[in-house]
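One letter stands for each residue in the lines below.
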Amino acid sequence: MLKRIDLTRDYQKHKEEYLKAIEAVCEETAFSGGKFADKFDEEFAAYCGMPYAVGVNNGTSALHCAMAALGIGAGDEVIVPANTYIATAWGVTYTGATPVFVDCTSDTWEIDPDKIEERITDKTKAILGVHLYGQPFEFNKVKAIADKYGLYVVEDCAQAHGALYEGKMVGSLGEMGCFSFYPGKNLYAFGEGGSITCSKKEHFDFMTTMKNQGCQVRYYHDMIGYNYRLEGLQGAVLSVSLKYLPRWTERRREIGRRYLTEITNPLFTMQAHPENTNPVFHLFVVTVKDADDLIAYMNDRGMECNKHYPVPCHLQKAYAHLGYREGDCPNAEYLAKHCVTLPLFPEMTEEEVSMVINACNAYTGK
Ligand SMILES: *Cc1c(COP(=O)(O)O)cnc(C)c1O
């Protein structure tokens, strides 16, 4: 069975290097925060071309920290795309603010700039855009709207490490960039991890204090804090992985481009990738008429596929109290019903890529 994503291949390939890095942390017992976590923060900031990166315990905490650092809280609203992983909205909700969901476009499947303005109220404080599936959203249009209303733009980069928008790294475009290092993300820890990139010292200081129990000097707590520190073991593993990220990204792009050009079955619709972006193909999502039928078909042929995501945020039970109905975000709802994610990870062989392409092209639908 070809898995949708198989992490064992990278581990087996670089096992000695990973275990050596883990051992170094154990030798120094630098487990919570500490020098290995700090070293990774510096490396990751440099990779993103940003002055600061604040390592945290996961991507959801990263989003929470970013919202809090901007002073967002109870009574405020933040624009969030309906088509994203639910954690994008959690970061807003944790502060006491309300996510306001906006539909995606019918071709890029990213937040639709033309539908943002109608959802802005005098409570709106920020637009939280998501570079979903590794495809940068239309940043300049979103930023123009934000500037018109005096709002922040924050990037959810959890699926887009290294993606470029007009030649610039995601995570360096908006006020802050939030990353996840969950296993299976383009850059991942051996456990949980996350980071926020920012260029303002005041944001860096706020988030560094917030994630560390609200203290700068041990046992003196200046604000309500959280325990959101990045573990030393994760920092050490991430420093190893970060060296390979450019190579992995290139390989993802090769596979993505092969799928885009060689899957020619007219029953398939693919995500649009505008000219001014260079995506990193975190997930290769297609839509077909009967998604479950395609998933079963691929499964029968030894290829695992799944769905990202079967329920759009605005229709999740957790947000039922916000009162959204079916029909509020039609493009996101269409995607939820019809999406299928094909296998894609850097260690796939050319033969495996061909196998996926051939199976897709031979699919006759239902
Ligand atoms: C993975 C992900 C997150 C959350 O990151 P965790 O590290 O799992 O907490 C947030 N937003 C998006 C778009 C994601 O894909």
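In case you missed it, the structure is sitting above this.
Here goes a summary of the coordinates provided. Because the structure is a prediction, the values reported are computed rather than measured. (Residues numbered from 1 in each chain as written. Predicted model: local features only at pLDDT ≥ 70, side-chain atom pairs only at ≥ 80, totals over all residues. Heavy atoms only, no water.)

Details of the overall build of the protein
Let me state the cut-off plainly: Only DSSP runs of H or I with at least four residues qualify as helices, and only runs of E with at least two residues qualify as strands; both kinds are numbered from the N terminus onward. Using C-alpha atoms as the atom set, the radius of gyration is obtained and then compared with a globule rule of 2.2 Å times the number of residues to the power 0.38. In this scheme, a residue with accessible area under 20% of its type's maximum is buried, one over 50% is exposed, and one in between is partly exposed, where area comes from a 1.4 Å probe on protein chains only.
Across its full length, the protein carries 10 helices and 15 strands. For the protein, the C-alpha radius of gyration of 20 Å lies close to 21 Å, the compact-globule estimate for 366 residues. With the C-alpha coordinates aligned to their principal axes, the bounding extent of the protein is approximately 65 × 55 × 35 Å. By residue count, 57% of the 366 residues in the protein fall in the buried class.

Regarding the site of the ligand
Cut-off, in case you're wondering: What makes a residue near a molecule or strand is one non-hydrogen atom of that residue sitting within 4 Å of it. Here a polar contact is recorded for every N or O atom pair within 3.5 Å, except that within protein the pair must consist of a potential hydrogen donor and a potential acceptor, and residues adjacent in sequence are included only if both atoms are side-chain atoms. Where accessible areas are quoted, they stem from the Shrake-Rupley method and a 1.4 Å probe; at the residue level, only the protein chains shown are allowed to cover.
The full set close to the ligand counts 16 residues, and Gly59, Thr60, Asp156, Ser180 and Lys185 are the nearest of them. Here an oxygen atom of the ligand sits 2.8 Å away from a polar atom, N or O, in the main chain of glycine 59. The contact in question runs from a nitrogen atom of the ligand to an N or O atom on the side chain of aspartate 156, over 2.8 Å. Taken by itself the ligand offers 380 Å² of open surface, and the protein chains cover 93% of this. Of all the secondary structure elements, the ones that give two or more residues to the shell around the ligand are helix H3 (59-69) and helix H4 (87-94).

Digging into the pairing of strand S8 (residues 176-180)
Here is the rule we go by: Strand pairing is assigned whenever DSSP detects at least two bridges linking the two strands.
Most of S8 is tucked away, with 5 of its 5 residues classed as buried. Burial along S8 is two-sided: the face carrying Met176, Cys178 and Ser180 and the face carrying Gly177 and Phe179 are both buried. In this structure, strand S5 (residues 152-156) lies alongside S8, joined through 3 bridges in parallel fashion. If you follow valine 154 over to S8, its bridge partner there is methionine 176. One ladder, built from 5 bridges, connects S8 with strand S9 (residues 194-198); its direction is antiparallel. Of the residues in S9, the one forming a bridge with serine 180 is glycine 194.

Side note on the sheet that holds strand S6 (residues 164-165)
Pairing is antiparallel across the open sheet formed by 3 strands, whose spatial order is S7-S6-S13. Every other strand in the sheet has two partners, leaving strand S7 (168-169) and strand S13 (277-278) as the edge strands with one partner each. The pairing of S6 with S13 spans 2 bridges and is classified as antiparallel. Paired with leucine 164 across the two strands is asparagine 278, which belongs to S13.

Here's the deal with helix H5 (residues 139-149)
The periodicity of an α-helix, 3.6 residues per turn, causes residues three or four places apart in sequence to face the same way. Operational definition: As used here, the arc is the angular range of directions from the helix axis to the C-beta atoms. Two residues form a contact once any of their heavy atoms are found within 4.5 Å.
Those residues of H5 lying buried are Phe139, Val142, Ile145 and Ala146. Around the axis of H5, the buried residues are gathered within 135° of arc, so they sit on the same side. In this fold, the buried residues of H5 make contact with strand S4 (124-130), S5 and S6. Positive phi appears at glycine 150, one or two residues downstream of H5, with a value of about 70°.

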